[in-house]
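Observations on the three-dimensional arrangement
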Amino acid sequence: QVQLVESGGSVVQPGGSLRLSCATSGFTFSDYAMHWVRQAPGKGLDWVAYIASDGNNKQYAESVKGRFTISRDNLEKTLHLQMNSLRPEDTAVFYCATDSGGTFDYWGQGTLVTVSS
Amino acid sequence: VMTQSPLFLPVTLGQPASISCMSSQSLVYADGNTYLNWFQQRPGQSPRRLIYKVSHRDSGVPDRFSGSGSGTEFTLKISRVEAEDVGVYYCMQGVQWPPTFGGGTKVEIK
């Protein structure tokens, strides 16, 4: 069955960096575009970043543009999110999700990023 | 912009529930499909897709869940609410860039 497992979340100071990963299995990773979506504590869902199946097209929310970088390794079937210059308002659970065209089919369980001094 | 209502929906077990989602722009894509999705997030869990393209129910989703609507106005209905339906429901559009979610509707049992 499809599995997405995020990792890499932790507590980091403002201005710090963190790299999230999303290990996948149960589907042909290289066929799917992927997204990162975040959810601040007690809040709704907020799209963060997108990467095409071949990695050649990347898009970012305005709030993270220039600070976050999405990437993927199709051989390792893994999605990454490099987060730099972190701010307290980046505190959230980060989810990876598959994209089959206009929809997010499958989601991981999420990894918590806390930005605090 | 995706606007959901109500924000909070207390329901009696076995009674129906209805959630509205309105988009500021038409969600009909150039290919003729309408990319409006519904997600359920139970307490402490990640989101799970229930409905895609307005009315297509995902595998394993009980048939008491149904989606309807067109253009800019959409509805998720639960025919008879069960205890396991407690959680927050989000609509999401996949037509305009970036993809956006409604603010969520919290369903709880009275």
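Residues numbered from 1 in each chain as written. Chains lettered and ligands numbered in written order. Predicted model: local features only at pLDDT ≥ 70, side-chain atom pairs only at ≥ 80, totals over all residues. Heavy atoms only, no water.

Focus on the interface of chain B and chain A
Cut-off, in case you're wondering: Residues count as neighbours in contact if any of their non-hydrogen atoms are within 4.5 Å of one another. Throughout, buried area stands for the accessible area (probe radius 1.4 Å) lost by two parts on being put together, summed over both. Polar contacts, as counted here, are pairs of nitrogen or oxygen atoms within 3.5 Å of one another; within protein the pair requires one atom able to donate a hydrogen and one able to accept it, and residues that are adjacent in sequence qualify only if both atoms are side-chain atoms. Only runs of H or I of at least four residues qualify as helices and only runs of E of at least two qualify as strands under DSSP, and these elements are numbered from the N terminus. Residue type decides the class: Asp, Glu, Lys and Arg count as charged, Ala, Val, Leu, Ile, Met, Phe, Trp, Tyr, Cys and Pro as nonpolar, and the leftover types, Gly among them, as polar.
On the side of chain A, 20 residues touch chain B, which itself brings 16 residues to the contact. Summed over both partners, the interface of chain B with chain A buries about 1,400 Å², with 65% contributed by carbon and sulfur atoms. At the junction of chain B with chain A, the criterion picks out seven residue pairs in polar contact (both at pLDDT 80 or more). Going through the elements one at a time, strand 4 (36-41), strand 5 (48-52) and strand 9 (87-93) of chain B are the ones with two or more residues in the side of chain B that touches chain A. In terms of residue count, strand 4 of chain B provides more of the side of chain B that touches chain A than any other element does, three residues in total. Partitioning the side of chain B that touches chain A into residue classes produces ten nonpolar, five polar and one charged.

What to know about the sheet that holds strand 7 (residues 65-70) of chain B
All names here are of chain B. In plain terms, the rule: Each pair of strands is called paired provided DSSP finds at least two bridges between the two strands. Angular values range over 0 to 180 degrees, each being the angle between N-to-C directions of two axes fitted as lines to C-alpha atoms, with helices fitted over their stretch in contact.
Strands sit in the order 1-3-8-7 across an open sheet of four strands; the sheet is antiparallel. Sheet topology places strand 1 (2-5) and strand 7 at the edges, where each strand pairs with a single neighbour. Adjacent strand axes in the sheet meet at a mean angle of 20°, parallel and antiparallel pairs treated alike. Across six bridges, the pairing between strand 7 and strand 8 (residues 73-78) is antiparallel. In the sheet register, Ser70 faces strand 8, and the bridge partner there is Glu73.

Section: the pairing of strand 7 (residues 68-73) of chain A
Residues and elements named next belong to chain A. How we decide: Between buried and exposed lies partly exposed: a residue is buried under 20% and exposed over 50% of the maximum accessible area for its type, with that area taken using a 1.4 Å probe on protein chains only.
Residue alternation in strand 7 divides its side chains into a buried set, Phe68, Ile70 and Arg72, and an unburied set, Thr69, Ser71 and Asp73. Bridge analysis of strand 7 against strand 8 (residues 78-83) gives six bridges, and the strand direction is antiparallel. Across the sheet, Ser71 pairs through a bridge with His80, a residue of strand 8.

Some details on the state of the cysteines
All names here are of chain A. Filter applied, for reference: Cysteine sulfurs are considered disulfide-paired once they come within 2.5 Å of each other.
A full pass over the atoms with the stated rule returns two disulfides over all chains. There is a disulfide in this structure between Cys22 and Cys96, and the S-S distance comes to 2.0 Å. Of note, the bridge from Cys22 to Cys96 carries an S-S torsion of about 60° and is right-handed in sense. Of the two residues, Cys22 sits in strand 3 (residues 18-25) while Cys96 sits in strand 9 (residues 92-99), which places them 74 residues apart along the sequence. Its relative accessible area of 0% is what places Cys22 among the buried residues.

Describing the pattern of salt bridges
Residue and element names in this part refer to chain A. Convention followed: Each salt bridge in this description consists of a side-chain nitrogen of Lys or Arg and a carboxyl oxygen of Asp or Glu lying within 4 Å of one another.
Across all of its chains, the model carries nine salt bridges over all chains by this definition. Lys65 is the partner of Glu62 in a salt bridge, and the nearest nitrogen-oxygen pair spans 2.7 Å. We classify Lys65 as partly exposed; its relative accessible area is 45%. Arg67 is the partner of Asp90 in a salt bridge, and the nearest nitrogen-oxygen pair spans 2.7 Å. Within this pair, whereas Asp90 is found in the loop between strand 8 and strand 9, its partner Arg67 is found in the loop between strand 6 (58-60) and strand 7, the two being separated by 23 residues in sequence. Pair check on accessibility: Asp90 and Arg67 agree, each one buried.

Functional significance is not addressed by these values, which are geometric in nature.
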